[in-house]
Amino acid sequence: MSTEIWWLPSYPFRSSLTGQTAAELAASYQQATKREWTQPIGVAHALFEAGVQALKASGDPKSPNKVVESLRKLKTDTVIGNLDFGGSGIANVSKIRVVGGQWHVEDGGKPHLYITSNSTAPEIKAERKLELLKS
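Predicted model, so just to flag it, every value in this text is computed and none were measured.

Colleague: Would you take a moment to explain the overall build of the protein for this structure?
Modeller: When helices and strands are counted, the protein shows three helices and five strands. The order of helices and strands in the protein, counted from the N terminus, is β-α-α-α-β-β-β-β. For the protein, the C-alpha atoms occupy an extent of roughly 60 × 35 × 20 Å along the three principal directions. The proportion of buried residues among the 135 residues of the protein is 33%. At a minimum sequence separation of 6, the contacts of the protein that also span at least 24 residues come to 47%.

Shown next as structure tokens:
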């Protein structure tokens, strides 16, 4: 099965808040919760990164108007990659890069999601080729 990918532990980015790599963020989540990581973890973490950066850039984090203005032009690196709220064409929105992937069942029966297409985000390494399903 193929799917779009928003974030994986193999992403080559670090958190601007914790300094953790994507892999370290996933591992710390799993250790703390005793649950598997999921794609939304990286995206949710990046929202906190952007929020903190907007507060810092505002010059007055107690002023909602200054925080909103700082977010509208915010560019920041996050665990999911660069976010550019000023360059999206939509106020207060940053687009994220999405890559293509495919699930494979590993030895032992555990599913693993691999990046198979990175044409929209060449900075994110493709991990294997897309394979046709076998009947």
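Next, the rest of the story.
Colleague: Whenever I open this one, the side chain of Ser 58 confuses me. Can you help?
Modeller: Of note, Ser 58 is situated in helix 2 (residues 39–58). Among residues more than four places away in sequence, those in contact with Ser 58 are Lys 66, Val 67 and Ser 70.

Colleague: When you look at the packing of aromatic side chains in this model, what are you seeing that I'm missing?
Modeller: Centre distance and the angle of the planes are the two values used to describe a pair of aromatic rings. Using the criterion set out here, one finds two aromatic pairs in the structure. On the numbers, 6.0 Å between centres and 90° between planes, the contact of Trp 7 with Trp 37 is edge-to-face. In this pair, Trp 7 is assigned in the loop between strand 1 (2–5) and helix 1 (22–33) and Trp 37 in the loop between helix 1 and helix 2, connecting sequence segments 30 residues apart. The class for Trp 7 is buried, based on a relative accessible area of 0%. Geometrically, the ring pair formed by Tyr 11 and Phe 13 is edge-to-face, given 6.0 Å between the ring centres and 80° between the ring planes.

Colleague: Please explain the sheet that holds strand 4 (residues 99–105) as it appears in this structure.
Modeller: Whenever strands of a sheet pair, they do so through backbone hydrogen bonds, lying parallel or antiparallel. Taken in spatial order, the three strands make up an open sheet running 1-4-5, and their pairing is antiparallel. Looking at which strands have only one partner, the edges of the open sheet turn out to be strand 1 and strand 5 (111–117). The average undirected angle you get between the axes of adjacent strands in this sheet is 40°.

Colleague: Is there a simple way to explain the pattern of salt bridges in this structure?
Modeller: Close approach of charged atoms allows side chains of opposite charge to pair. Per the stated rule, a full pass over the model turns up four salt bridges. A salt bridge links Glu 36 to Lys 110, with the nearest nitrogen and oxygen atoms 3.5 Å apart. Taken together, the residues span a long stretch of sequence, with Glu 36 in the loop between helix 1 and helix 2 and Lys 110 in the loop between strand 4 and strand 5 at a distance of 74 residues. Under the relative-accessibility criterion, Lys 110 is labelled partly exposed at 47%.

Colleague: Explain the packing of helix 2 against helix 3 (residues 64–72) to me, please; I cannot follow it from the model alone.
Modeller: For any two helices packed against each other, one specifies the crossing angle of their axes together with the interaxial distance. Running from N to C, helix 2 and helix 3 point in directions that differ by 115°, and their axes come no closer than 8 Å. Between helix 2 and helix 3, the crossing angle belongs to the class labelled roughly perpendicular. The way helix 2 lies across helix 3 gives a crossing that is right-handed. The residues of helix 3 that touch helix 2, namely those facing Ala 54, Leu 55, Ala 57 and Ser 58, are Lys 66, Val 67, Ser 70 and Leu 71.

Colleague: I'm lost on the side chain of Thr 76 in this one. Help?
Modeller: Examined against the element boundaries, Thr 76 turns out to sit in strand 2 (residues 75–78). Given a relative accessible area of 8%, Thr 76 falls into the buried group. With sequence-adjacent residues up to four places away left out, Thr 76 is seen in contact with Ala 50, Gln 53, Gly 81, Asn 82 and Leu 83.

Reading the values: rules and limits
- Residues numbered from 1 in each chain as written.
- Predicted model: local features only at pLDDT ≥ 70, side-chain atom pairs only at ≥ 80, totals over all residues.
- Heavy atoms only, no water.
- Helix = DSSP H or I, 4+ residues; strand = E, 2+ residues; numbered from the N terminus.
- Buried < 20%, exposed > 50% of the residue type's maximum accessible area, 1.4 Å probe, protein only.
- Contact = heavy atoms within 4.5 Å.
- Phe/Tyr/Trp six-rings, centres within 6.5 Å; stacked < 30°, edge-to-face > 60°.
- Pairing = 2+ DSSP bridges.
- Axes fitted to C-alpha atoms, helices over the stretch in contact; angles between N-to-C directions.
- Salt bridge = Lys/Arg side-chain N within 4 Å of Asp/Glu carboxyl O.
- Parallel < 35°, antiparallel > 145°, perpendicular 65-115°, else oblique.
- Left-handed = near helix turned anticlockwise from the far one by under 90°.

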